[in-house]
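Here is what each chain is made of, one letter per residue.
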Amino acid sequence: MSTTSRSETAADTSRRPASGKGDAPTFWGRLSHSGPYRAVTDYVFGSTRRQFVLLAAFPIFWVLFAHLGPILQMIRVSFLDSYPPSVGHTPQFTLDNWRTFFTEVIFLRPFFRTLVFSVVLTFATLVLVYPVAYFLSRHVKRDNQMLLLLLLLIPFWVGEIVRTYAIMILLGNTGAVNLILKALGLIDQPVAFMYTNFSLGFGIVYLTSLYMLMPLYSALEKIPQTFSEAAADLGAGPWTRFRRVILPLSLEGISSGCTLVFLISTGLYATPILLGGPSTTLFSETIAGFFHVAGDEWPTGAAFSTIMLLTALVLSGTFMKLMGALQKGGRK
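Scoring rules and cut-offs
Residues numbered from 1 in each chain as written. Predicted model: local features only at pLDDT ≥ 70, side-chain atom pairs only at ≥ 80, totals over all residues. Heavy atoms only, no water. pLDDT = per-residue confidence, 0-100. Helix = DSSP H or I, 4+ residues; strand = E, 2+ residues; numbered from the N terminus. Contact = heavy atoms within 4.5 Å. Core = buried A, V, L, I, M, F, W, Y, C linked by side-chain atoms within 4.5 Å. Buried < 20%, exposed > 50% of the residue type's maximum accessible area, 1.4 Å probe, protein only. Expected span 1.5 Å × (residues − 1). Bend = angle between axes of the 7 residues up to and from the residue. Phe/Tyr/Trp six-rings, centres within 6.5 Å; stacked < 30°, edge-to-face > 60°.

Colleague: Whenever I open this one, the confidence of the model for the chain confuses me. Can you help?
Modeller: A low pLDDT means the predicted coordinates there should not be read in detail. Of all residues in the chain, 91% have pLDDT values of 70 or greater, and the mean over the chain is 85. Per-element mean pLDDT across the chain ranges from 48 in helix H1 (residues 3–15) up to 94 in helix H13 (residues 251–267). Long-range and interchain partners of residues 1–5, a stretch whose pLDDT sits below 50, account for 1 contact in this model, where long-range means more than four residues apart. Considering only residues more than four positions removed or in separate chains, one finds that residues 13–21, a stretch of pLDDT under 50, has 1 contact.

Pasting the structure below:
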């Protein structure tokens, strides 16, 4: 067959109507061109408010179902005289569970110890982590910041209990700290770090440092370098530049980080059990005791949990409001 004949045959073939399943309209193609489908999509996406409702419906449902729902159930149980429900008994409304907290001094001690401990550890975490966030955001090249952040985040990929056991190995009588001190000739006998305020505080600071680091880094990284350079040109020294420029502009990160660390510290359970001792009992351990015993103690535990939750939220809200006032005062 000649070249001309083959080209004519190919041209005729290309002009023929295609056939086969690939030419038939698909289900989704028919659906997208149907009148009802287009009417529904035009209605749903024709309004910005309806678009927001559609996108936010599942997140809102998740928050209500997985977060707010259990809290509301806990509050409801705290006003019952017995729970879980038993056969032949209908739970009755009572305030005795709440009254127990205010009348029994033995429960007030771990409650206030937890609040004081959380405030002190939040401040300690801020003091220890702020220089790290400052150095990372202000003195490290932007290309290397993400790499260093990744290295700092790697330990937090491991669960809380595993990291707590790592601290136990570190601070134990035969742990790395005691071995180093003994090798340097500073001690003859192991120092009892474990099951003290030091071991518990060390563990909580370590476990919550990430929640302080990320807000601080985010706030400090947004501060333009030219602000410090302008202050230096006006004669401000390093401390003055930090106090008058960097610190006020990083108050938002300080507020967020301190709030996160405080709320987490008040609710930690596994770490206080593993690292603390009899003199460091926190309120979370007291609450857990009501759920571990037989009998109708769950409502009391629910009441104590609600009291701690409300107290932590009130203190956090007050702190954030004060920090917001400081930020507004700094802008004036």
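There is more to say, and it comes next.
Colleague: What's the story with the nonpolar core in this structure? I'm lost.
Modeller: Inside soluble globular proteins, nonpolar side chains tend to come together where they are buried. With 22 residues, the main nonpolar core has Leu 126, Tyr 130, Met 212, Leu 216, Leu 220, Ile 246 and Ile 254 as its most contacted residues. Mapped by element, the contributors of at least two residues to this core are helix H6 (105–138), helix H10 (197–221), helix H12 (238–249) and H13.

Colleague: Just checking my understanding: could you explain helix H4 (residues 48–77) for this structure?
Modeller: Every α-helix carries 3.6 residues per turn, so stepping three or four residues along brings you back to the same face. Its 30 residues give H4 an end-to-end C-alpha distance of 40 Å, which sits within 8% of 44 Å, the value for a rise of 1.5 Å per residue. The principal kink in H4, of about 45°, is found at Ala 56, preceding the proline Pro 59 by one to four residues.

Colleague: Would you take a moment to explain the packing of aromatic side chains for this structure?
Modeller: Any two aromatic rings considered together are summarised by their centre-to-centre distance and by the angle between their planes. Taken as a whole and assessed by the stated rule, the structure comprises 21 aromatic pairs. Each ring, one from Tyr 130 and one from Phe 242, has its centre 5.7 Å from the other, and the planes form 90°; the classification is edge-to-face. One end of the pair, Tyr 130, is in helix H6; the other, Phe 242, is in helix H12, and 112 residues separate them in sequence. Tyr 130 gets classed as buried once you look at its relative accessible area, which sits at 8%. Between the aromatic rings of Phe 198 and Phe 202, the centroid separation amounts to 6.0 Å while the plane-to-plane angle is 35°, which identifies the pairing as tilted. Here Phe 202 and Phe 198 lie together in helix H10, a separation of 4 residues that amounts to about one turn. Grouped by ring-pair contacts, the aromatic residues Phe 101, Phe 102, Phe 107, Phe 111, Phe 112, Phe 283, Phe 290 and Phe 304 constitute a single cluster.

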